[in-house]
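# Examining the three-dimensional arrangement
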Amino acid sequence: MQKILLTLTLCYSLISVAQIKGTVKDENGKPLPYVNIYIENTYIGTTSNELGNYELNLNDKKNVHLIFQHLGFKTQKHLIANANTPYQLDITLIEENYELKELVINTGENPTNEIIKQAIASRKKNAAKTDKFEADFYSRGIFRVKDIPKKFMGVEIGDMEGNLDSTRSGIIYQSETVSKIKFEKPDNLKEEIIASKIAGDDNGFSYNTALNTNYDFYENYVAFGINMVSPIADNAFNYYKYKLESTFLDEKNQLINKIKVTPKRDKEPVFEGFIYIVEDSWAIYGIDLDIKGYRMQEPILETMKLTQNFSYNENTKIWAKNIQSLDFSAGIFGMKFTGKFTHVFSNYVFKETFDKKTFGKEIVSFAQNANKKEESFWNTARPVPLTTEELNNYTKKDSIQTIRKSVTYMDSIDAKGNRFKIQKILTGYTYKNSFKKWSFNYQGLMNLSSLSFNTVQGWNLDSGFSYRKWNDENGKYTSITSTFNYGFAEERLRIKGNYYHRFNNQNNAYISLSGGSSINQFNNSEPISSTINTVSTLFFKNNFMKLYNKEFAEINYGREVTNGIFVSGRVLYENRRALFNNTDYTLIKNDDAYFSNDPLQPNNDTSTPFQKHHIIKGQIGTRIRFGQKYISRPDGKINIQNDDYPVLSLSYEKAFGGTNKNYQYDFIGAVVDYSKTIGNKGDFGLRFKAGKFFNAENISFVDYKHFNGNQTHVNMMNNSLNAFNLLPYYSHSTNDAYLETHIEHNFKGYIMNKIPLLNKLQWNLIGGFHQINVPNFKPYQEVTVGFDNIGWGKFRFLRIDYVRSYQNGFQGDGVMFGLKF
């Protein structure tokens with residue numbers, strides 16, 4: 001009975017949905033991709049794929065006029081009159097016979113500028129016509145790679161889950177989605193994904209959504225990581241030159257102006273290519289623009305091509321975008337990457353207003369079993385037919401998945417990787433069970449990546465064991481780790497362990513337990529890395545890292561209690577002991593002596609900053625992300641920060657049960673973070689940190705508020721909104737109140753790309769201000785001016801800042817070198 005019902009359903013579908021398909025080519029027989037194909041005076045349409053093939057399903061087999069529109073070619077209209085389906089309609093498009101309309105030329109005035117001025121003047125009016133709508137949305141993405149090496153920096157790459165062929169090339173990702181969207185400018189979105197598909201992953205959910213596809217040239221800026229200036233922005237004439245290439249009439253005898261867009265300055269965030277403007281209404285007819293990677297400040301990206309096609313509806317008098325494609329090419333270290341995204345908008349319903357409850361914090365959701373749709377659904381719902389390459393890739397990846405998900409295959413792969421060799425006692429060993437999703441790791445006795453030097457331990461090295469178990473579907477994750485640290489000069493072994501469990505990936509609830517013995521910086525933010533300290537100590541005899549010993553036990557718990565509000569709490573016991581220098585070893589010999597390990601008395605080798613003691617501490621905290629929106633995925637919740645609002649963090653800490661009651665205290669603290677992209681003028685960021693101790697006059701120096709200073713002139717942590725550049729590490733530590741201010745603006749090339757010759761460097765000007773306010777001190781301040789994005793070609797990882805510090809007058813200056821990878 002079920003088979004009969006299924007057969008009747010399929011027959012009814014074939015009767016009620018008429019399919020028109022065919023191929024679109026030019027006069028030379030070359031297939032034309034991304035041809036805009038739609039039913040006249042409707043928003044029902046499709047586009048051709050890379051091979052020029054198209055398919056269109058009609059719910060009505062009565063007479064319909066089908067429009068074929070492609071930038072650079074004459075628009076054609078074809079009548080489909082009660083044809084038997086499936087109906088084959090192959091089309092040959094003829095290149096447009098362009099002509100320049102008669103223009104009145106004023107001396108010194110580019111006549112094309114008048115068209116652009118009209119488009120700018122009409123920009124808001126045209127944008128308002130499509131500011132609220134419902135639509136069907138389809139998205140397809142594909143990524144290809146070429147010339148991938150077998151090893152990169154000594155790490156085996158393999159065949160990338162079967163994606164690479166013998167030439168080390170292939171498709172590494174292919175997916176598509178079908179969804180229904182509701183949209184209201186500027187950024188209200190409600191999207192339900194009806195169907196989702198990923199090649200080689202029958203449980204996967206595509207990340208393709210309408211969320212980041214709104215490339216709206218009616219806005220002043222179009223976001224591509226950096227804000228690009230629209231060719232019809234209010235200030236467009238400051239960035240572009242225009243030339244009227246040609247004019248032509250569409251099928252409704254509307255005059256279309258094809259305008260070439262050329263940047264005035266090469267290094268600015270600008271497009272180049274063509275924009276098509278409709279005469280009289282001055283609406284956008286089409287977009288065919290290129291984006292250079294260096295203009296986006298993405299040097300690995302070489303070129304991105306964006307095309308948009310708009311269709312006109314005589315009933316609504318609206319030009320609406322229905323086809324959008326995005327092609328890119330990138331490369332680094334000899335490896336090549338290409339990709340393509342295709343977006344189809346159809347069945348528009350333009351709205352005067354939406355119900356107030358239409359848009360909320362959840363912006364994307366998935367229908368039940370969205371990733372389980374049958375191929376019959378995709379054949380009907382997919383507006384753009386797959387190419388032979390894409391069809392073959394689905395077949396290949398699904399076959400490979402069947403094999404690779406089997407216990408036999410996973411065990412065979414694991415057996416190869418799990419082979420034990422005697423040298424792995426020194427270098428480390430990993431055992432993995434892929435089918436049961438767990439692994440065990442031993443770091444080895446010669447874990448050279450952990451090797452570092454300080455004056456307390458001398459050379460020190462880590463080893464240890466770890467166990468991990470995970471579940472990709474519900475986000476559960478468990479890890480158990482142990483770390484063995486041995487200091488050779490100190491002749492001391494320290495052992496600590498940690499248990500961590502994440503309950504899910506919806507509210508990210510977790511619990512962790514840890515304990516053991518460890519060596520720590522007085523500032524638990526660890527402002528100086530072990531690598532920087534090793535170099536500074538061995539080569540310059542500057543032992544800035546100050547350390548103490550603790551035996552501890554700690555429990556932490558945290559979770560998101562409601563959207564945007566994350567709470568956490570912890571209880572810990574610490575037994576603390578001061579430490580002394582145990583070595584004066586250095587690589588560069590000189591007569592200078594190391595400072596002591598006491599940050600309060602660096603010239604006294606017998607002093608200690610605190611007496612041995614133990615203490616218990618409890619802490620609760622919350623982080624509030626105002627206006628946070630999110631994507632609800634079956635495999636996890638993705639939070640999206642709203643940059644219109646700051647992030648607020650609050651904490652309360654109480655110390656009790658100490659060896660000495662004087663070490664007990666209360667503390668409240670707050671942090672405000674805010675960042676904002678300001679048009680095309682760069683990124684602004686600030687951080688305010690404030691706190692107040694109570695009953696803390698005689699607490700341990702360990703519990704003071706310590707500020708993230710720097711005396712090395714090197715910053716590898718990229719934490720410019722959380723650190724100072726010239727501040728001694730413990731000069732302003734306090735057990736009272738404090739206010740910490742960090743402000744920075746990165747112009748993202750806004751000034752530099754306008755200066756001849758200097759703009760060829762592609763450096764970004766950065767300005768900053770940092771301040772500490774604590775009782776009994778004049779405010780400490782730093783003013784910084786510098787550049788980032790320094791480097792050559794595709795390798796731009798250096799930042800340089802000039803810093804001046806003030807405290808009751810000028811204190812000093814210096815240069816900071818920053819590295820970011």
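Structure report, in brief. On a predicted model such as this, the values are computed, not experimentally measured, just so you know.

## Points about the environment of Leu301
Relative to the elements of secondary structure, Leu301 occurs in strand β20 (residues 301–313). For the pair formed by Leu301 and Ile291, sequence separation is ten residues and the distance between their alpha carbons is 9.6 Å. Those residues in contact with Leu301 that sit more than four places away from it in its chain are Gly293, Tyr294, Met296, Phe328, Ser329 and Ala330.

## So, the side chain of Thr534
Along the chain, Thr534 turns up in helix α8 (residues 530–540). Only 3.0 Å separates the side chain of Thr534 from the backbone nitrogen of Phe453, close enough to count as a polar contact. Polar contacts involving the side chain of Thr534 include one to the main-chain carbonyl oxygen of Ser530, which spans 2.6 Å. Contact partners of Thr534, with chain neighbours within four places excluded, come to Ser452 and Phe453.

## Points about unusual backbone geometry
Note that the residue after Lys185, namely Pro186, is joined by a cis bond; omega there is 10°. Structurally, Pro186 can be placed in the loop between β12 (170–184) and β13 (188–198). The phi dihedral of Glu491 falls on the positive side, at around 55°, and the residue is not glycine. Following the sequence through the fold, Glu491 ends up in the loop between β28 (477–487) and β29 (492–502). Glu491 sits in the exposed class, given a relative accessible area of 63%. Notably, Asn508 is not glycine yet its phi reads approximately 55°, a positive angle. With respect to the helices and strands, the residue Asn508 is situated in the loop between β29 and β30 (510–521).

## A word on the sheet that holds strand β6 (residues 76–80)
Across the sheet, four strands lie side by side as β3-β2-β5-β6; this open sheet has antiparallel pairing. A strand with exactly one partner marks an edge of an open sheet, and here the two such strands are β3 (45–47) and β6. Adjacent strand axes in the sheet meet at a mean angle of 20° when their direction is disregarded. Bridge count between strand β2 (residues 36–39) and strand β5 (residues 64–69): four bridges; the pairing is antiparallel. Counterpart to Ile37 in the pairing with β5 is Phe68.

## Some thoughts on the side chain of Asp788
Secondary-structure assignment places Asp788 in strand β42 (residues 780–792). Residue classification places Asp788 among the buried positions, given a relative accessible area of 4%. Polar side-chain contacts of Asp788 include one of 3.4 Å to the side chain of Asn746. Apart from residues no more than four positions distant in its own chain, Asp788 is found in contact with Asn746, Trp763, Asn764, Ile766, Leu798, Arg799 and Lys820.

## Considerations on the packing of aromatic side chains
Here the structure, examined in full by the defined rule, presents 54 aromatic pairs. Where Trp792 meets Phe797, the ring centres are 5.9 Å apart and the plane angle is 75°; that geometry is what we call edge-to-face. For Trp792, a relative accessible area of 56% translates into the label exposed. Above the face of the Phe274 ring, Lys258 is positioned so that its terminal group lies 4.5 Å from the ring centre.

## Side note on α8
What sets the pattern is the α-helix's 3.6 residues per turn: residues three or four places apart point alike. Of all the residues in α8, the buried ones are Ile532, Asn533, Thr534, Ser536, Thr537 and Leu538. On its buried face, α8 sits against β26 (452–454), β27 (458–470) and β39 (714–715). Within two residues after α8, Lys541 carries a phi angle of roughly 55°, on the positive side.

## A few points about the nonpolar core
Counting residues in each nonpolar core, the largest one holds 49 residues, and the members touching the most others are Phe224, Tyr240 and Phe271. Aside from chain neighbours lying at most four places away, what touches Tyr240 is Val229, Ser230, Pro231, Val261, Thr262, Pro263, Lys264, Val270 and Phe271. Counting residues in each nonpolar core, the second largest holds 18 residues, with Ala655, Tyr663, Ile699 and Tyr780 among its members.

## Some details on the pattern of salt bridges
Note on pairing: side chains with opposite charge can pair once their charged atoms come close. Counted by the stated rule, this structure contains 46 salt bridges. The shortest N-O distance in the salt bridge between Arg295 and Glu272 comes to 2.9 Å. With Arg295 in the loop between β19 (284–292) and β20 and Glu272 in strand β18 (residues 272–278), this residue pair connects regions lying 23 residues apart in the sequence. With a relative accessible area of 4%, Arg295 lands in the buried category. Look at Glu272 and you get partly exposed, because its relative accessible area is 24%. A salt bridge links Arg799 to Glu744; its shortest N-O distance comes to 2.8 Å. Of the two residues, Arg799 sits in strand β43 (residues 795–806) while Glu744 sits in strand β40 (residues 737–746), which places them 55 residues apart along the sequence. The class for Arg799 is buried, based on a relative accessible area of 14%. Its relative accessible area of 12% is what places Glu744 among the buried residues. Through salt bridges with shared partners, one network takes in Lys550, Glu554, Arg570, Glu574, Arg576, Lys617, Glu653 and Asp703.

Here is what the cut-offs are and how they apply
Residues numbered from 1 in each chain as written. Predicted model: local features only at pLDDT ≥ 70, side-chain atom pairs only at ≥ 80, totals over all residues. Heavy atoms only, no water. Helix = DSSP H or I, 4+ residues; strand = E, 2+ residues; numbered from the N terminus. Contact = heavy atoms within 4.5 Å. Polar contact = N/O pair within 3.5 Å; in protein donor to acceptor, adjacent residues only side chain to side chain. Buried < 20%, exposed > 50% of the residue type's maximum accessible area, 1.4 Å probe, protein only. Pairing = 2+ DSSP bridges. Axes fitted to C-alpha atoms, helices over the stretch in contact; angles between N-to-C directions. Phe/Tyr/Trp six-rings, centres within 6.5 Å; stacked < 30°, edge-to-face > 60°. Lys NZ or Arg CZ within 6 Å of the ring centre and 35° of its normal. Core = buried A, V, L, I, M, F, W, Y, C linked by side-chain atoms within 4.5 Å. Salt bridge = Lys/Arg side-chain N within 4 Å of Asp/Glu carboxyl O.

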